[in-house]
Structures are given as C-alpha cells and as structure tokens.
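Chain and residue survey
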Amino acid sequence: HPARRLNTKELARGLEQALRPRFPQGEVTVTAEESEMYLGGKALGEGKVDGAAVRRAAASWLSQQPGIVTAVARDDLYTAPDVAGFLSPLRRGYYPGRSGDVLFVPQPFHVLSDRATGTNHGVPYSYDRQIPVVFVGRGVRPGTYMHEISATDVAPHARGADGAGGARLVRG
C-alpha cells in the first residue's frame with residue numbers, strides 16, 4: 001500500500017454531500033475527529049430522520065472510499081462480525097457519549113489529517129502499536145528487556161520507579 005494522507009475535513013464534506021439526497025428531510029452535518037465521524041444537524045436533532053439509518057448509511061459510504069478499510073456505525077459496533085480483527089480495537093476504544101457516531105479504519109500507512117505535515121497514532125496496525133519504551137532513573141534495573149507490554153503496563157511501572165509510591169493503586 002502506498003502511503004498517503006486522508007484529509008478528514010474533505011471526507012466529512014463528501015459524507016455530508018452523500019447523505020443529503022438519501023435523507024432530504026433536513027440537514028445532517030458531519031464533523032471529523034481522527035477516525036471518527038460525528039453526525040448532527042436539525043434532521044437528527046429534531047428526529048426527522050432515523051439516526052441509526054443515517055449512521056449506517058454513513059458507515060456504508062465511508063467503507064467504499066479509497067483509503068478506508070472498514071467503517072461501522074456505533075449501533076453495530078458490538079454486533080457486527082469482526083472478520084479481519086479491525087473492530088476489536090474500535091470496541092476497546094469506544095466510549096459512549098464521547099466517541100463518534102461512525103468509526104472507521106484507514107488502510108495501512110494512511111495518515112488521517114487535514115494538515116499537510118505531521119502524523120498521528122491510533123490505527124490497529126503493528127507499526128503503530130509497537131513503540132519502544134525506555135525507563136531511566138532511580139529504581140530502574142539497567143538492561144534491555146524484549147517483552148511485549150500494553151499501555152496499561154507503563155503507568156504502574158513509572159509510578160513505582162519515581163519513588164512516589166502508589167504503584168499498587170494502578171492497574172496494569
């Protein structure tokens with residue numbers, strides 16, 4: 001896969017345009033935040049359209065866009081089959097009330113951004129999840145340890161190493 005940028009603002013504008021003829025009862029607005037789309041507008045706010053139908057239509061449209069592997073409406077996040085393993089990380093990161101209405105996964109090496117430079121994290125690919133961790137300081141045994149750890153393992157180790165105590169209170 002060639003690397004490229006996916007402009008999230010352009011995706012949001014394209015999605016709004018695609019939803020307009022499908023739901024002519026009123027305005028549906030789209031705001032993008034990384035790999036999540038937030039839907040709003042009068043049509044949804046006033047109940048003029050079926051919210052789940054709009055979210056599913058949005059997920060369907062996003063799934064067909066170049067550079068997008070899959071998309072899912074929040075309504076289907078926990079019931080859709082996770083054939084390729086992409087939904088599992090979306091499920092772990094989903095927070096009702098804060099997360100988007102439609103979540104999507106870009107193809108490998110595609111950066112979601114409306115800026116011309118920079119990068120981000122949060123895709124379910126090994127190149128983004130495998131990050132070296134270095135601890136230095138009092139209480140840290142010198143050496144190289146080639147172990148896989150999760151992000152939840154970092155806080156208790158850092159908390160215990162800083163001498164402040166409290167590592168027992170942190171899960172990981």
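Residues numbered from 1 in each chain as written. Predicted model: local features only at pLDDT ≥ 70, side-chain atom pairs only at ≥ 80, totals over all residues. Heavy atoms only, no water.

The next point concerns the overall build of the chain. When its secondary structure is counted, the chain shows six helices and six strands. In the chain, the succession of α and β elements from N to C terminus is β-α-β-β-α-α-β-α-β-β-α-α. Taking all 172 residues of the chain together, 33% fall into the buried category. For the chain, contacts bridging at least 24 residues in sequence account for 51% of all contacts bridging at least 6. For the chain, the exposed surface amounts to about 11,200 Å²; the carbon and sulfur share of it is 52%. (Helix = DSSP H or I, 4+ residues; strand = E, 2+ residues; numbered from the N terminus. Buried < 20%, exposed > 50% of the residue type's maximum accessible area, 1.4 Å probe, protein only. Contact = heavy atoms within 4.5 Å. Areas by Shrake-Rupley, 256 points an atom, 1.4 Å probe, with all protein chains shown as cover.)

Right, let's talk about the nonpolar core for a bit. The biggest cluster of nonpolar side chains holds 23 residues, and the ones touching the most others in it are Leu 15, Leu 19, Met 37, Leu 62, Val 102 and Phe 104. Of all the secondary structure elements, the ones that give two or more residues to this core are α1 (8–22), β2 (29–33), β3 (36–40), α3 (51–63), β4 (68–73) and β5 (102–106). Broken down by element, this core gets its largest block of residues, five residues, from α3. The contacts of Leu 15, once residues within four sequence positions are left out, are Val 30, Met 37, Leu 39, Ala 58, Trp 61 and Leu 62. (Core = buried A, V, L, I, M, F, W, Y, C linked by side-chain atoms within 4.5 Å.)

As a further point, take unusual backbone geometry. Of note in the backbone geometry, Glu 34 takes a positive phi value of approximately 55° without being a glycine. Turning to its location among the elements, Glu 34 is positioned in the loop between β2 and β3. Within the chain, Phe 109 stands out as a residue other than glycine whose phi angle is a positive 65°. Along the polypeptide, Phe 109 turns up in the loop between β5 and β6 (110–112). For Phe 109, a relative accessible area of 44% corresponds to the partly exposed category.

Evaluated as defined, the whole model comprises one aromatic pair. The interplanar angle of 75° and the centroid separation of 6.3 Å between the aromatic rings of Tyr 78 and Tyr 94 together place this pair among those described as edge-to-face. One end of the pair, Tyr 78, is in the loop between β4 and α4 (87–93); the other, Tyr 94, is in the loop between α4 and β5, with 16 residues separating them in the sequence. Since its relative accessible area comes to 14%, Tyr 94 is described here as buried. Over the ring of Tyr 95 we find Arg 98, and its NZ or CZ is 4.4 Å from the ring centre. (Phe/Tyr/Trp six-rings, centres within 6.5 Å; stacked < 30°, edge-to-face > 60°. Lys NZ or Arg CZ within 6 Å of the ring centre and 35° of its normal.)

With that settled, consider the sheet that holds β3. Taken together, the four strands give an open sheet; going across it, the order is β2-β3-β5-β4, and neighbouring strands pair in antiparallel fashion. Single-partner strands in this sheet number two, and they are β2 and β4. Each strand axis lies, on average, 20° off the axis of its neighbour in the sheet, ignoring direction. Across the sheet, α1 lies against β2, β3, β4 and β5, angled at about 155° from β2, the strand it touches most. Contacts from α3 reach β3, β4 and β5 within the one sheet, and its direction differs from that of β4 by about 175°. (Pairing = 2+ DSSP bridges. Axes fitted to C-alpha atoms, helices over the stretch in contact; angles between N-to-C directions.)

The next point concerns the confidence of the model for the chain. Of the residues in the chain, 81% have a pLDDT of 70 or more, and the chain-wide mean is 84. At the level of individual helices and strands, the chain shows its lowest average pLDDT in helix α5 (residues 126–129), which scores 62, and its highest in α3, which scores 97. (pLDDT = per-residue confidence, 0-100.)

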